[in-house]
Amino acid sequence: MAAMPTPAAAPRTPGAGSPAAGSDGTRPAGLAERLRTGFGLLGPRHPRHTLSVDEFDTLALPIGDDGVVVGVTGEGHPAVLGVNRPTPYDVLLIGGLWTAQVLALRAAATGARVAVETGRAQHWAQVVQAVGGGQSGMTVHDVGRVPPLGASAGSPVLVIRDCGMRPPRGRVVSAPWQSVLTLLPYLSPVAPRLMRQARVVGVQRVSPDEAAEIGRVIGLPRAEYEPLPTLADGVTLWCADGDRRYVVTQPTDAEVGLLGVARRMD
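Keep in mind that what you see is a predicted model, and the values were worked out from it rather than measured. (Residues numbered from 1 in each chain as written. Predicted model: local features only at pLDDT ≥ 70, side-chain atom pairs only at ≥ 80, totals over all residues. Heavy atoms only, no water.)

1. Topic: the pattern of salt bridges
Phase 1: Summed over all chains, the structure comprises 8 salt bridges.
Phase 2: Here glutamate 224 and arginine 244 are joined by a salt bridge, their closest N and O atoms 2.3 Å apart. Of the two residues, glutamate 224 is situated in helix H6 (residues 222-225) and arginine 244 in strand E10 (residues 243-248); the sequence distance between them amounts to 20 residues. (Salt bridge = Lys/Arg side-chain N within 4 Å of Asp/Glu carboxyl O. Helix = DSSP H or I, 4+ residues; strand = E, 2+ residues; numbered from the N terminus.)

2. Here's the deal with the nonpolar core
Phase 1: In terms of nonpolar packing, the biggest core is built from 32 residues, with Leu81, Val114, Trp124, Met138, Ile160 and Trp238 touching the most fellow members.
Phase 2: With 9 residues, helix H2 (residues 97-109) is the single largest residue contributor to this core.
Phase 3: Non-local contacts of isoleucine 160, meaning those with residues more than four positions away in its chain, are made with Ala100, Ala104, Val114, Ala115, Val116, Glu117, Trp124 and Leu181.
Phase 4: With 22 residues, the next largest nonpolar core counts Leu187, Ala191, Ala198 and Val206 among its residues. (Core = buried A, V, L, I, M, F, W, Y, C linked by side-chain atoms within 4.5 Å. Buried < 20%, exposed > 50% of the residue type's maximum accessible area, 1.4 Å probe, protein only. Contact = heavy atoms within 4.5 Å.)

3. Some thoughts on the side chain of arginine 106
Phase 1: Within the fold, arginine 106 resides in helix H2.
Phase 2: Once residues lying within four places of it in the same chain are set aside, the contact partners of arginine 106 are Val68, Val69, Val70, Gly71, Thr249, Gln250, Pro251, Thr252 and Glu255.

4. Some points on helix H5 (residues 208-218)
Phase 1: For H5, the full list of buried residues reads Glu210, Ala211, Ile214, Gly215 and Val217. Projected down its long axis, H5 carries its buried residues within an arc of 165°, all on one side. Away from its buried face by more than 90 degrees, H5 exposes Pro208, Asp209 and Arg216.
Phase 2: Contacts made by the buried residues of H5 are with strand E3 (89-94), helix H4 (191-197), strand E8 (200-203) and H6. (Arc of directions from axis to C-beta.)

5. Here we look at H2
Phase 1: The end-to-end C-alpha separation of H2 is 18 Å, in line with the 18 Å expected for 13 residues at 1.5 Å each.
Phase 2: Summarising burial for H2: 12 of the 13 residues are buried, a large majority.
Phase 3: Considered for burial, the residues of H2 that qualify are Leu97, Trp98, Thr99, Ala100, Gln101, Val102, Leu103, Ala104, Leu105, Arg106, Ala107 and Ala108.
Phase 4: Phi turns positive one or two residues past the end of H2, at glycine 111, with a value near 105°. (Expected span 1.5 Å × (residues − 1).)

So, in structure tokens, the structure goes:
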């Protein structure tokens, strides 16, 4: 004998007292689907967090880029030099060894490897000892003897060329994730070329004639290059893409203990 068919179950309608039912006994539109999938369940309600247009400035950070803090501006804001970049980046510093060594220490603190090309390795010995030598810290090389450094996004490199008044053209140049900072103690015949090819130029105290030449090469107004001979130790005028800022490099206690106070002359 054939089995009797099972009667179809009657549709089940939630009662009016069901917490998920509306006043007419039906669920709100879309709620059944959210309950079935387990996502989008109704939870506690809180006021929205909103800001007016005028309040957006309160969220601004004083640092506009990541990199090495080279000092503070006249307004007291940090000035940052972003040396870890995916594009070639050349920096020229016409100034003292003290500032270059502070930048080297701070670049190493950001995780960059620092390679120093110099003819006065003895002046860098204590900095190398503080940072730690080897491939993951700071290395010092004779002029013209810097090997390929294998810079990458995970291991950026800053090359500091401390090669005197007439640095020769080096084998190691700026490249993606490998920036080059060239230190000139004063102007020399190669300075105009280096100023024109650099993305950023830093100038510390120089003579009036040098100040006028720097102003001519990089297009500084008279009011901006005339104060250069009077700059205090640790003050640098940084110039980049039409933006110019006087910055004071304020050393930390550890930097003072290692390098001494700020000075223009070595």
